[in-house]
2 protein chains.
Amino acid sequence: MPTISQRGQMMPPSPIRKLVPFAEAAKKRGTTVYHLNIGQPDIETPEQVLDAVRNSHFKILEYSHSAGNESYRKKLTEYYKRFDIDLTAQQIIVTTGGSEAILFGFMSCLDQGDEIIIPEPFYANYNGFAVAAGVHVVPISSSIETGFALPPIEDFEKVITSKTKAIMICNPNNPTGYLYSQEELEVLKKICLKYNLFLFSDEAYREFCYSGKHFSAMNLEGMDNNVVLMDTISKRYSACGARIGALVTKNQAVLDAAMKFAQARLSPPSFEQLAGEAAVDLPGDYFDEIKAEYQSRRDILVKMLNEIPGVFCPNVGGAFYAMAKLPIDNADRFCQWLLEEFEYEKQTVMLSPGTGFYATPGLGTNEVRLAYVLNREDITKAMIALGKALEVYPGRV
Amino acid sequence: MPTISQRGQMMPPSPIRKLVPFAEAAKKRGTTVYHLNIGQPDIETPEQVLDAVRNSHFKILEYSHSAGNESYRKKLTEYYKRFDIDLTAQQIIVTTGGSEAILFGFMSCLDQGDEIIIPEPFYANYNGFAVAAGVHVVPISSSIETGFALPPIEDFEKVITSKTKAIMICNPNNPTGYLYSQEELEVLKKICLKYNLFLFSDEAYREFCYSGKHFSAMNLEGMDNNVVLMDTISKRYSACGARIGALVTKNQAVLDAAMKFAQARLSPPSFEQLAGEAAVDLPGDYFDEIKAEYQSRRDILVKMLNEIPGVFCPNVGGAFYAMAKLPIDNADRFCQWLLEEFEYEKQTVMLSPGTGFYATPGLGTNEVRLAYVLNREDITKAMIALGKALEVYPGRV
């Protein structure tokens, strides 16, 4: 029997999805499970976005251009213009989700054995793309005590080697909700220019900033050849299943390389590009409403978390996640226990163990990530249940 | 300025798409270009396949299961049952096009530096996925004189090393149209079992067999742990833009590894999975009609090609491609010349140079691939124009 690859063995399973069987068992027992573990919003996808697909009229579901439909890429230049990002349609490659933008970025800029610095905790799937591309993730730790602010410049410089090719951030951040300031981005610019590094910026949650304005890496002056933006419509329009993202850069060599990876897989999905194109024309107040909704959820979540004895959750600047420190022995054990052994009024909560978002072993063992993707009533009930759980959890410290 | 990766530099541009600017210029001059260069059929996508998307009713475009909707995977087990392939839904991972099935297969089974043997000429994008995965393609040559039959077993054994992990075929074949016989598959089985190799089988064109019955690698007895099937709905239902494929295997370790790559990219596109699911319920005579259409195109194409002095095209067993040997000095030059300098009654032909499908330098220089994806009238006109072109081409030999 032939054996699978080492890469296939090393590939990390999703830390978010590994508890799913326990959740399914809890539901079979009749327990309501509040899913705060995954970034799948309950917000409806805008009708005009879905209708763009449903009212389409073509007769043949053809390949699109490998970089995505030109009409969509032109439309995206209008979208980015709203954030003072000036682009041509040729500087945008439409990808199959933000996931593929990350993979194309890694593949185009880094070789097997190269290193990428990422402040931890970070989006767990970066690990998966790193393994796929044979790239080493070098974490530098940010701390819940500072609300997960950017680590100091010395921390970056300490780990930079001749193999370092890039720094990656997610802004606002998944899983921490931290919103990087313009000053922090200027620090990253300084490091990238000094050491000749790419800056990968995942800005999936650009519109969801509650305290302060978003400053895009694309707005850093003098960084045109360094910045590669990874983007997606998944969270922005509550359209996770569309699998439509974008790799955006002004670095022509990166575009040329990424384009070859794009050609090999032929094209991104055709129907959903229509959805993405229609989304750019949503009325200006669309985000006002959605943002207000998320902000009110955040306010409840952060407040109720901090009211639970022994819990600490820094206030959150953006996205729709928060990391909280709990008075527990082991986050993996706790999250599983919540599903397997606990219920309060036939309800329990599904959370993501913090460990899955750290690359340094031992970190995140008393932290969890909460996605506030449920309505306020459900969040309230979930927080009450969590409080009760922490009263009786045998591993409480 | 940071430099891109060596992988990004090595990545081959699509040999099929590189002539596009010349075709565009020809069209601007008012010349009709018959596109026999790309596998984008002019056959309409079945209405009930498109309607499954257009008549959908959900409110949130959610992530699907990373392996694809369970209802679709169950439906696919019915589809495969028609070919005597017994599967469970867990043995199918729905992928973003056949492209992603190939990438997941390479990533899950081969490491950086491992080797995969592929009879050439082969589908050019296999090279791209090999570069992405850091894998070396080792070609063994099949010949137009034998109609591109499977090379003898000794040719395989000559190139097998300790690094060899897999053999890959496309059956029926793109670009040659060759349909591998059961006997040839038994030869491959013998080699794979003897040397402990995976057998990757790309069966995108399974339904389009004109001379003889398709024998799937999945039907090889005693090969459950060796065979990995890469599949797609693109050609089958003229739905190239759907980007829906499948990785199918009974090897649990491969499934487990591929599933981790699938989880990292979250899910395949949601709308198009509805299309794929509806397609399984197309009436039984759907393929009779489509196959008859392709067969009649093949008959015209192969006959007219062989009537042109100096041209040889072996008859084609399946898919919708043919390779032809032309009396020319250089296929790349000829294909470009057709677009840049030739026209007959304001028409010309776009073909794919044979060189793009060979890994061995120097092979395919007097061959071209023709995709018979146009209607009979257009194919007839294209063949007349090609005949005229060969009369006046300055590099005729």
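What counts, and where the lines are drawn
- Residues numbered from 1 in each chain as written.
- Chains lettered and ligands numbered in written order.
- Predicted model: local features only at pLDDT ≥ 70, side-chain atom pairs only at ≥ 80, totals over all residues.
- Heavy atoms only, no water.
- Pairing = 2+ DSSP bridges.
- Helix = DSSP H or I, 4+ residues; strand = E, 2+ residues; numbered from the N terminus.
- Axes fitted to C-alpha atoms, helices over the stretch in contact; angles between N-to-C directions.
- Contact = heavy atoms within 4.5 Å.
- Least-squares fit on C-alpha atoms with pLDDT ≥ 70 in both.
- Domains from an automatic or database assignment.
- Buried area = accessible area lost by both parts, 1.4 Å probe.
- Salt bridge = Lys/Arg side-chain N within 4 Å of Asp/Glu carboxyl O.
- Polar contact = N/O pair within 3.5 Å; in protein donor to acceptor, adjacent residues only side chain to side chain.
- Nonpolar A, V, L, I, M, F, W, Y, C, P; charged D, E, K, R; others polar.
- Buried < 20%, exposed > 50% of the residue type's maximum accessible area, 1.4 Å probe, protein only.

A.B. asks: Explain the sheet that holds strand 6 (residues 198–202) of chain A to me, and be specific about the residues and the numbers.
C.D. replies: All names here are of chain A. The mixed open sheet is built from seven strands, whose spatial order is 2-8-7-6-5-3-4. With partners counted over all chains shown, the strands left at the sheet margins are strand 2 (92–95) and strand 4 (136–141), one partner each. Sheet twist, expressed as the average angle between the axes of neighbouring strands with direction ignored, equals 25°. Two strands pair when backbone bridges link them, and strand 7 (residues 227–232) and strand 8 (residues 245–249) are joined in this way by five bridges, in the antiparallel orientation. In the sheet register, V228 faces strand 8, and the bridge partner there is T249. Of the strands in this sheet, strand 5 (164–170) and strand 6 are in contact with helix 8 (residues 182–195), which crosses strand 5 at around 170°. Sheet strands touched by helix 9 (residues 252–264): strand 2, strand 6, strand 7 and strand 8. Its angle to strand 2, the strand with the most contacts, is close to 30°.

A.B. asks: Describe the relation of the copies chain A and chain B, with residues and values.
C.D. replies: Least-squares fitting of chain A to chain B yields an RMSD of 0.0 Å, with the superposition described by an axial translation of 0.0 Å and a rotation of 180°. Here the copies are linked by what is in effect a two-fold axis. The position closest to the rotation axis in chain A is occupied by the C-alpha of R54 of chain A, lying 2.0 Å away. Both copies contact each other with a shared surface, as 100% of the interface residues of chain A are interface residues in chain B too.

A.B. asks: Give a description of the domain arrangement of chain A that names residues and reports values.
C.D. replies: All names here are of chain A. For chain A, the assigned domains are domain 1 (6–44 + 286–392) and domain 2 (47–279). Using only C-alpha atoms to locate each centre, domain 1 and domain 2 end up separated by 25 Å. Across the boundary between the two partners, domain 1 contributes 38 residues, which contact 33 residues of domain 2. Summing the contributions of domain 1 and of domain 2, the shared interface buries around 3100 Å²; its carbon and sulfur component is 64%. Interface area lost by domain 1 to domain 2 is led by F287, G317 and F357, which between them contribute 18%. Here domain 1 is connected to domain 2 by one salt bridge. With a closest N to O distance of 3.0 Å, K325 and E145 form a salt bridge. Joining domain 1 to domain 2, the criterion identifies 15 residue pairs in polar contact (both at pLDDT 80 or more). When contributions to the side of domain 1 that touches domain 2 are tallied by element, the ones reaching two or more residues are helix 1 (6–10), helix 11 (286–307), strand 9 (321–325) and strand 12 (367–371). For the side of domain 1 that touches domain 2, the element with the highest residue contribution is helix 11, accounting for seven residues.

A.B. asks: Tell me about the interface of chain A and chain B, and name the residues and values.
C.D. replies: Every contact between the two is made by 81 residues of chain A and, on the other side, 81 residues of chain B. Of the roughly 6600 Å² buried where chain A meets chain B, counting both sides, 55% is carbon and sulfur surface. Where chain A packs against chain B, one counts zero salt bridges. The tally of links from chain A across to chain B stands at 52 residue pairs in polar contact (both at pLDDT 80 or more). Of all the secondary structure elements, the ones that give two or more residues to the side of chain A that touches chain B are helix 1, helix 3 (47–54), helix 5 (97–109), helix 6 (125–133), helix 9 and helix 10 (270–279) of chain A. The dominant element in the side of chain A that touches chain B, judged by the number of residues it contributes, is helix 9 of chain A, at seven residues. Across the side of chain A that touches chain B, the residue classes tally to 38 nonpolar, 29 polar and 14 charged.

A.B. asks: Account for the pattern of salt bridges, naming residues and giving values.
C.D. replies: All names here are of chain B. On inspection of all chains with the given rule, the structure shows 42 salt bridges over all chains. Its salt-bridge partner being K74, residue E70 comes within 3.8 Å of it at the nearest N-O pair. Placement of both E70 and K74 in helix 4 (residues 70–81) is noted, with a separation of four residues, approximately one turn of the helix. The residue R297 makes a salt bridge to E293 at a minimum N-O spacing of 2.7 Å. Of this pair, R297 and E293 both sit in helix 11 (residues 286–307), four residues apart, which is roughly one turn of that helix. Exposure remark for R297: the relative accessible area of 2% places this residue in the buried category. By relative accessible area, E293 is classed as buried at 17%.

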